[in-house]
Amino acid sequence: MQITRTPAEVRDALRGAGRPVGLVPTMGALHAGHLALVAQARAECRTVVASLFVNPLQFGPGEDFDRYPRAFESDVAALEAGGVDVVYAPDVGTMYPPGFATSVDPGDVGERYEGSLRPGHFRGVATVCVKLFATAGCDRAYFGAKDAQQAAVIQRVIEDLNLPVELIVVPTVREPDGLALSSRNVYLDVEQRAAAPALHRALDAVMRAVTHGETDRDRAVAAGRAELTVPLHEAYLDVVDPQTFVSPERLDAPVLAIASAWLGPTRLIDNVPIEAPAHAPHEIVR
Ligand code: PAJ
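If you're wondering where the values come from, they're calculated on a predicted model, not measured in any experiment.

The next thing to look at is helix α7 (residues 148-160). With 13 residues, α7 should reach 18 Å at 1.5 Å per residue; the first-to-last C-alpha distance of 18 Å fits that figure. For α7, the complete set of buried residues consists of A148, Q149, Q150, A151, A152, V153, I154, V157 and I158. Where α7 is buried, its residues meet α5 (114-117), α6 (121-136), β5 (140-144), β6 (166-170), β8 (255-263) and β9 (266-274). A positive phi of about 50° marks N162, the residue just after α7.

Structure follows, in structure tokens:
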């Protein structure tokens, strides 16, 4: 496994590499969710590149850029064990040298939900991802379903900019109690960690309501809201179109239940896809 620090080093390392080349972009502090992306890329691609870069452009003022967990040595070991061929770990000055000015604005899909809570976040994500795609010259890029709005943003960018990259979305990896794995889970204290699975229970309740025939968005959301009790504080809970993140009044599958809640200073996000068609009660076949 080669560790590279600059775009030129990545290109050298990938000269003549077998295709398809799969890229797994990460901010490090790797857990089993990230490694599921690596495993799928390894199974599907001749060459696998993983990036480790905590991207300052996607953090707002007052967010956790400075204290975001960093674990370079153990990340490299995990990527090596996962069969990665090339690691790209640039420093901030390499990614954004003096004079850097171009950014990619993904528009409306990036302004809802996470985008409205974190203004500029998806511009930062889209910009770094386009740079990573260009640097690796990848044929496929692997993203987690855990960050569903991020995946929707990247799909929009790929289509709008005609990027020759196929987006592959890998299902969310969870703890046994339902909590989605996240690098930010280390911020939770014991009490918050114990309460955290309620976020997934809320989404499951919304999913059950819709699959049992609820087509009214407000009533479906209310079913989930009952789970979001103190110490959780809801940031949002909704049912949306998985591509646009627009919330339809009447729910016709496929839709996505999305949620975010604060636990102290930490905000968790999660989502559950709702695949089964929503039937009006009289249409349910018994
Ligand atoms: P990061 O939070 O490190 O996540 C890297 C990738 O791992 C993302 O595609 C994310 O959706 C996926 N992931 C995280 N937790 C997961 C879980 N529990 N199950 C499955 N996949 C999971 O997302 C980012 O970094 C950054 O925004 C990035 C795309 C690297 C751009 O800076």
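This part takes up the site of the ligand. Taken together, the neighbourhood of the ligand is formed by 21 residues, with Q58, D147, Q150, V173 and L181 sitting nearest. Residue M27 places a main-chain N or O atom 2.9 Å away from an oxygen atom belonging to the ligand. In this structure, G144 approaches the ligand through a main-chain N or O atom, which is 2.9 Å from an oxygen atom. Relative to its unbound accessible area of 630 Å², the ligand is 95% covered by the protein chains. Looking at the shell around the ligand, the elements that each hand over two or more residues are β2 (21-26), α2 (32-44), α6 and β5. Taken together, the residues of the shell around the ligand sort by class into ten nonpolar, nine polar and two charged.

In this section: unusual backbone geometry. Note: most peptide bonds trans; most residues except glycine with negative phi. Note that the residue after R19, namely P20, is joined by a cis bond; omega there is 5°. Structurally, P20 can be placed in the loop between α1 (7-14) and β2. Look at the link from V230 to P231: it is a cis peptide, with omega at 15°. Structurally, P231 is set in the loop between α10 (217-225) and β7 (232-240). Not every positive phi belongs to a glycine, and Y113 is a case in point at roughly 40°. Backbone geometry at F245 places phi at a positive 60°, although glycine is not the residue there. On the secondary structure map, F245 appears in the loop between β7 and β8.

Reading across from one edge, β1-β4-β3-β2-β5-β6 is the order of the six strands in this open sheet, with parallel pairing throughout. The sheet terminates laterally at β1 (2-4) and β6, the two strands that pair on one side only. Within this sheet the neighbouring strands show an average axis-to-axis angle of 25°, counted without direction. Sheet topology places strand β3 (residues 47-52) next to strand β4 (residues 86-88); three bridges connect them, and they run parallel. In the sheet register, A50 faces β4, and the bridge partner there is V87. Contacting β2, β3, β4 and β5, α6 runs over the sheet at an angle of about 145° to β2.

Quick look at α2 now. The end-to-end C-alpha separation of α2 is 18 Å, in line with the 18 Å expected for 13 residues at 1.5 Å each. Taken as a whole, α2 has its buried residues at G33, H34, L37, V38 and A41. For α2, the buried positions fall inside an angular range of 150° around the axis, keeping them on one side. Packed against the buried residues of α2 are β2, β3, α3 (72-81), β5 and β6.

On to the domain arrangement of the protein chain. In terms of domain boundaries, the protein chain breaks down into domain 1 (2-170) and domain 2 (183-274). A C-alpha centroid distance of 26 Å is found between domain 1 and domain 2. With 21 residues of domain 1 at the interface, the matching set in domain 2 holds 20 residues. Roughly 1700 Å² of surface becomes buried between domain 1 and domain 2 when both sides are summed, with 52% attributable to carbon and sulfur atoms. Remark: the boundary between domain 1 and domain 2 carries two salt bridges. A salt bridge links E114 to R267; its shortest N-O distance comes to 2.7 Å.

About the criteria used
- Residues numbered from 1 in each chain as written.
- Predicted model: local features only at pLDDT ≥ 70, side-chain atom pairs only at ≥ 80, totals over all residues.
- Heavy atoms only, no water.
- Helix = DSSP H or I, 4+ residues; strand = E, 2+ residues; numbered from the N terminus.
- Expected span 1.5 Å × (residues − 1).
- Buried < 20%, exposed > 50% of the residue type's maximum accessible area, 1.4 Å probe, protein only.
- Contact = heavy atoms within 4.5 Å.
- Near = heavy atom within 4 Å.
- Polar contact = N/O pair within 3.5 Å; in protein donor to acceptor, adjacent residues only side chain to side chain.
- Areas by Shrake-Rupley, 256 points an atom, 1.4 Å probe, with all protein chains shown as cover.
- Nonpolar A, V, L, I, M, F, W, Y, C, P; charged D, E, K, R; others polar.
- Pairing = 2+ DSSP bridges.
- Axes fitted to C-alpha atoms, helices over the stretch in contact; angles between N-to-C directions.
- Arc of directions from axis to C-beta.
- Domains from an automatic or database assignment.
- Buried area = accessible area lost by both parts, 1.4 Å probe.
- Salt bridge = Lys/Arg side-chain N within 4 Å of Asp/Glu carboxyl O.

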